[in-house]
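# Survey of secondary and tertiary structure
One-letter residues, chain by chain:
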Amino acid sequence: MTTDVASAARNTMQKLYRAPEPQLLKPMIEHARLDTDSRKRVESEARDLIAQIRAAQHKGWVNQFLQEYQLSSSEGLALMTLAEAYLRVPDAATADMLISDKLGEADWRRHSGKSNSKLVNSATWGLTFSRALVGEGETGPLKRLVSRMGEPFVRQGVGAAMRLMGEVFVMGRTIDEAMKRMKKPENKGFTASFDMLGEAARTKKDAEEFFEAYWRAIKAVAREPSANHTISIKLSALHPRYEVSQYDKCVPEMIDLLSQLCSEAASHNIAVTIDAEEADRLDMSLDIIGAVAKRPELRGWDRYGLAVQAYGKRARAVIAWANALDRLMNVRLVKGAYWDTEIKRTQVDGLSNYPVFTRKASTDVCYLACAKDMLSADNIRPAFATHNALTTATILEWARDAHGDDWREFEFQRLHGMGEGLYEKLVREDGYHCRIYAPVGGHRELLAYLVRRLLENGANSSFVHQLADNDLNDSDLLADPVEKVASVGGTRLPEIPLPKDIMKDWRNSSGIDLTDRETLMATAEAVNAVPFTPEGTDSVHADPHHPSGRSMASLDAARTSDDDVHSAITSAQAAYPAWDSRPVEERAAIMERYADLIEENRIELMGLIVKEAFRSIPDALGEIREAADFCRYYAHRARCDMALKELPGPTGEYNAMKLEGRGTWATIAPWNFPLAIFVGQNAAALVTGNTVVAKPAPQTPAIARRVVEIGHQAGIPEDAFKLVIGGADVGAELTGDNRIGGVAFTGSTNTARRIASTLLIDEERPIIPFIAETGGINAMIVDSTALPEQVAADVLTSSFRSAGQRCSALRLLIIQEDVADSMIEMLSGAMDVLSMGDPGDPSTDVGPVIDRDAYDKLMSYRETMRPRWIKTIEPPEEGLFVPPTMIGLDSIDDLTREWFGPLLHVTTWKAGKFKETIEQINAKGFGLTMGLHSRMQRSADVMRHLGRVGNLYVNRSMIGAVVGSQPFGGEGLSGTGPKAGGPHYLARFCAERAVSIDTTSAGGNASLLNLDRG
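Rules behind the numbers
Numbering of residues begins from 1 in every chain and follows the order in which that chain's sequence is written. Selection of residues for local features in this predicted model requires a pLDDT of at least 70, selection of side-chain atom pairs for listing and counting requires 80 or more, and totals for whole chains, interfaces and linings are taken over all residues. Side-chain numbers here rest on the full set of heavy atoms in the structure, without hydrogens or water. Each helix is a run of DSSP H or I of at least 4 residues and each strand a run of E of at least 2, with the numbering of both proceeding from the N terminus. We call a residue buried when its accessible area falls under 20% of the maximum for its residue type, exposed when it is over 50%, and partly exposed in between, using a 1.4 Å probe and counting protein chains only. In this analysis, two residues are considered to be in contact whenever any of their non-hydrogen atoms come within 4.5 Å of each other. In the analysis that follows, any N or O atom pair within 3.5 Å is treated as a polar contact, provided that within protein one partner can donate a hydrogen and the other can accept it, and provided that, for residues neighboring in sequence, both atoms belong to side chains. Every helix has an expected span of 1.5 Å times one less than the residues it contains. Note that the arc is defined by the directions from the helix axis to the C-beta atoms. For two strands to pair, DSSP has to find at least two bridges joining them. Fitting a line to C-alpha atoms yields each axis, with helices limited to the stretch in contact; the angle taken between N-to-C directions then spans 0 to 180 degrees. For Phe, Tyr and Trp, rings pair up if their centres lie within 6.5 Å, where Trp contributes its six-membered ring, and each pair is then called stacked (planes under 30 degrees apart), edge-to-face (over 60) or tilted (otherwise). We call a charge positioned above a ring when the Lys NZ or Arg CZ atom is no farther than 6 Å from the ring centre and deviates by at most 35 degrees from the ring normal. In what follows, salt bridge is the name for a side-chain nitrogen of Lys or Arg lying within 4 Å of a carboxyl oxygen of Asp or Glu. Note on terminology: angles under 35 degrees are roughly parallel, angles over 145 are roughly antiparallel, angles of 65 to 115 are roughly perpendicular, and the others are oblique. Working rule for handedness: look at the near helix, and if it is turned counterclockwise from the far one by less than a right angle, call the crossing left-handed; if clockwise, right-handed. Put simply, Ala, Val, Leu, Ile, Met, Phe, Trp, Tyr, Cys and Pro go in the nonpolar bin, Asp, Glu, Lys and Arg in the charged bin, and everything else, Gly too, in the polar bin.

A separate point is the overall build of the chain. Secondary structure assignment for the chain yields 38 helices and 25 strands. The 1014 residues of the chain split such that 59% are buried. Long-range contacts, defined as pairs at least 24 residues apart, comprise 77% of the intrachain contacts of the chain with a sequence gap of at least 6.

Set out below in structure tokens:
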């Protein structure tokens, strides 16, 4: 094969990435379809294989355990979460709470004695007993027993059970232990592909440890060459920033690291397979795999390959690419391990379509089409990873047809701990090859892997699950996936709508796939080419790389005069009657047109956001999407909320209520969300029939000017949507005018107080609504059940994205003291690989702060806290860059105010003091966002009950609220409510007007008199 063929395959991948499913599946259906005679032979062989699996199941217990405790049940979910978290908890108190949390609420008795497996029934008895121990009242007999014997025996029993699960699914804690276990009788005839367990590297230290683990594994396997074991390598383990945005840095480094490992493997003639990961890393992985494949020192080594995920729409193209590399490639075909993640990520990012098939049967069809391609390829040595008897039988049929006497020149693969019975006869009697995918690592490393395997094989659609379902017979199991898919034309699963349709009542905003490198670079080039001339200052002052930065003094030159403010209010007041009298449907349609135009002009607007507000490219895109979402959501809510509502009452009376506009509103938006919040405030006021005089932050007037122009283009009358520019004095002039009928403000708590005082000081002034969204000392609590890698990712995102200049940003991290040292070590390592720089550079994680005043204030405070620094990073030499810094505190009470930048304060809490910790946070008086990382549902429930905050985030980052899904706004010192992007927001912009009519005033109640009174 030639390089041109490989390039053509890569080009094809781009076209297939998010193509409609019917388009892709139509040729696959024909390619994978069996003729009548072949179908009969395949079904016959598959029935034999199913019989062998069923016989093996009676000897084992794992599959029966999965069937008894399905993931769709509360018991199954409890066990999965317990298995995922228990073994990493270092302290007894939290371990006991976790056991109680997961075992105490479920109904284990209903499973008692129902399994065919004695071991499963014994386990059920143990769970029932444990539930009694942890779930009864304080005075029950079992509680008294525990009080005499102590709880350690329950804890030890659960720990032993979790370790047993680990032994079932992990080949060994070390490579030597795993190789020794492969010699046991149950593994006779099988070979192994060893994989070093663990999450993706988050720090340089993680990556170095993974590299050493792979190196040791290669050395260990080399000591037993006759065993023919191989090594599987995850690229995400070799670099902490294996991301498209970091391509220029990570890809060359990873090519070098992988080349070193492969050279060592080649010197011992050991096979290496590069595992498949998330779809957005596929292009990068192929660049790395392809570069290593071309290394001259590896050209004679034919034991190099990759895994291909058949649930991906590009799977066949990847196989064509591998076949075109002009060397023999080992290809392991798998179904895929991140399907649910791919679906959610695509929806969150608002992309055009999914990178994976939505139907399980469609993945099966793609798998078969890929298998047929592989069996006929010239430069591929195939390996088929499957637990499905029908798939296995089909591959056997095709292999015999394709290879004749060489029909065994491929191998099957299965997961360790699953698929027993399917391959034993094929291997030991028929001479086929089967390799066991064998995870290696300690119990801590097992957890994420175990959950993924349980999710895959415990899902209702999996063959392993269906095989154990007594309600399904062999004919059900052997239903042809090709005909299933053909019967629906390869269409998408209706229960999984396209991302644009997930909100149902309004169209979700569209995103840009910034995980595609070509798209990312093209977007960055276009954004950076947007012309921009700063208002009221020369260009050097707006340059984030210039040490002088821009100051409030330099921004004053662009301010609106008092006369202009007065004139704007006069014009808006005059426009109000006509605008308010327009039907709500018209105003809603204009808001939807506004959203369309914002998205049509998104590159220009993103360029302004990057250059004027110093936001990164992903942040700028997020603002465009949020602004469009506000417009469409408020249009939908206006149609619902402003419709006339008839109310109940006595006969002969008509009662109704409706919402109408209040007049002219003043809206004051911040610089940290110069487009999204600005548009959200004004769209809400306008769609409800009000007119608006809008004041953006003085740092970001150009963005406001352009988006107001777009609003006028959408159909909002110019006098109904007026703009004034300036700082605090212009804001005071605007809010002090008695003609203003309401104020919507987002900014600091102190400014909100001043506005509130202004609105009340004039006794002649009408009492008007004031909507305020302010900041907060936003805290996250982390307990010892939390997954450190997930905590690290979410803390860095919450604290340092947008240079910490978000109202919702994490300011105070409170870690359970039992795990604080290890958690802080991981956070510190993750901070080391952050990139600071120009926000227009796609690789930038942290840009400059907004202006010189903010910079000076933050840097001065940071310097006073120097003795308490836990970790900081070096900023660029020039520019308004405040280095992300982790600052240690003795207690929660040490932080008394919000610092609006990339400064994260860290302290600890003691196990057993969870409620008290929440109360300490509440006592600060702020109430915007709060976070929790824990695997205990009861902890989440306690925080929901006690936390006095507008937005609570559990096991995720604390930023990025989504319109309509996560209404945003605080309480106490953090705002007045109602929440932006929520169902109660529009009512605050309206006057509620009720009408009551006596319909009998003309002399009688005809409707009552005309009733049939029998």
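Next comes the rest of the write-up.
Moving on, we come to the environment of Lys979. Within the fold, Lys979 resides in the loop between β24 (971–972) and β25 (990–998). It is 8.2 Å that separates the C-alpha atoms of Lys979 and Gly950, two residues lying 29 residues apart in sequence. If near-sequence neighbours (up to four positions away) are discounted, Lys979 is found in contact with Gly950, Asn951, Pro967, Phe968, Gly969 and Tyr985. There is a polar contact of 2.5 Å between the side chain of Lys979 and the backbone oxygen of Gly969.

What follows is about helix α35 (residues 852–864). Side chains that are three or four residues apart share a direction in an α-helix, a result of its 3.6 residues per turn. Here α35 contains 13 residues, and its C-alpha end-to-end distance of 18 Å stays within 8% of the 18 Å for a straight helix at 1.5 Å per residue. For α35, every residue scored as buried is listed here: Ala854, Tyr855, Leu858, Tyr861 and Arg862. Seen end-on, α35 carries its buried residues on one side only, within an arc spanning 145 degrees. Along α35, exposed side chains directed more than 90 degrees from the buried face belong to Lys857 and Thr864.

Turning our eyes to something else, we now look at the sheet that holds strand β11 (residues 664–668). Strand order across the open sheet formed by five strands is β13-β12-β11-β14-β15, with parallel pairing between neighbours. Both outer strands of the open sheet, β13 (721–723) and β15 (770–773), are each paired with one neighbouring strand and no more. In this sheet, adjacent strand axes meet at a mean angle of 15 degrees when their direction is disregarded. Where helix α31 (residues 728–735) meets the sheet, it contacts β11, β12 (691–695) and β14 (740–746), and its direction lies at approximately 160 degrees from that of β12.

For the structure on display, the rule yields 18 aromatic pairs. With centroids separated by 5.8 Å and ring planes inclined at 65 degrees, the aromatic side chains of Phe384 and Phe410 adopt a geometry described as edge-to-face. Remark: Phe410 occurs in the loop between α17 (389–403) and β7 (411–415) and Phe384 occurs in strand β6 (residues 380–385); sequence separation between them is 26 residues. Comparing Phe384 with Phe410, the two get one shared label, buried. Following the ring pairs from residue to residue traces out a cluster consisting of Trp506, Phe630, Tyr633, Tyr634, Trp665, Tyr985 and Phe989. The cationic tip of Arg314 hangs over the ring face of Tyr17; the distance from NZ or CZ to the ring centre is 3.6 Å. The ring of Phe190 has Arg414 sitting right over it, with the charged end atom 5.2 Å from the ring centre.

Let's shift gears to the pattern of salt bridges. Under the counting rule described, the total for this entry stands at 57 salt bridges. Between Arg54 and Asp474 there is a salt bridge, with the nearest N and O atoms lying 3.0 Å from each other. Of this pair, Arg54 sits in helix α3 (residues 36–59) while Asp474 sits in helix α21 (residues 474–477); the two residues are 420 residues apart in sequence, bridging distant segments of the chain. Of the residues examined, Arg54 reaches a relative accessible area of 26% and is grouped as partly exposed. Ionic pairing is found between Arg435 and Glu411, a salt bridge with its closest N-O pair at 2.9 Å. One end of the pair, Arg435, is in strand β8 (residues 433–440); the other, Glu411, is in strand β7, and 24 residues separate them in sequence. For the pair Arg435 and Glu411, a shared accessibility class is recorded, and that class is buried. Several salt bridges share partner residues, and in doing so they unite Arg615, Asp619, Glu623, Arg801 and Arg806 into one network.

This paragraph deals with the environment of Asn672. On the secondary structure map, Asn672 appears in the loop between β11 and α29 (676–687). Along the chain, Asn672 and Cys807 lie 135 residues apart, while their C-alpha atoms are 8.4 Å from each other. Each residue touching Asn672, except ones within four places of it in the same chain, is listed here: Arg615, Glu623, Gln805, Arg806, Cys807 and Phe900. There is a polar contact of 3.3 Å between the side chain of Asn672 and the backbone oxygen of Gln805.

For the pair helix α12 (residues 247–267) and helix α13 (residues 282–293), the least separation of the axes is 9 Å and the interaxial angle reads 45 degrees. Classified by the angle between their axes, α12 and α13 sit oblique to one another. Remark: the crossing between α12 and α13 carries right-handed chirality. The segment α12 lies against α13, with Tyr247, Cys250, Val251, Met254, Ile255, Leu258, Ser259 and Cys262 engaging Met284, Asp287, Ile288, Ala291 and Val292. Of the residues in the contact of α12 with α13, the class split is eleven nonpolar, one polar and one charged.

What follows is about unusual backbone geometry. Residue Gly977 is joined to Pro978 through a cis peptide bond whose omega torsion reads -5 degrees. With respect to the element layout, Pro978 can be found in the loop between β24 and β25. Unusually for a residue other than glycine, Asn228 sits at a positive phi of about 60 degrees. If you check the backbone angles, Asn269 has positive phi at about 55 degrees while not being a glycine. Of note, Asn269 is situated in the loop between α12 and β3 (272–274). Here Asn269 falls in the partly exposed class, since its relative accessible area comes to 45%.

Remark: helix α14 (residues 315–323) packs on helix α16 (residues 360–376), axes separated minimally by 9 Å, with the N-to-C direction vectors making an angle of 15 degrees. Between α14 and α16, the angle is such that the two are roughly parallel. Two packed elements cross with a definite hand, and for α14 against α16 that hand is right-handed. Contacts between α14 and α16 involve Ala315, Arg316 and Ile319 on the former and, on the latter, Cys366, Ala369, Cys370, Asp373 and Met374. For the contact of α14 with α16, a count of residues per class yields six nonpolar, no polar and two charged.

Under the 1.5 Å per step criterion, the end-to-end length of helix α23 (residues 517–528) is 16 Å for twelve residues, consistent within 8% with the ideal 16 Å. For α23, every residue scored as buried is listed here: Leu520, Thr523, Ala524 and Val527. The buried residues of α23 occupy an angular sector of 100 degrees when the element is viewed end-on, so they sit on one face. Opposite the packed face of α23, turned more than 90 degrees from it, sit the exposed residues Glu518 and Glu525. Each element contacted by the buried residues of α23 is listed here: α27 (602–612) and α28 (617–641).

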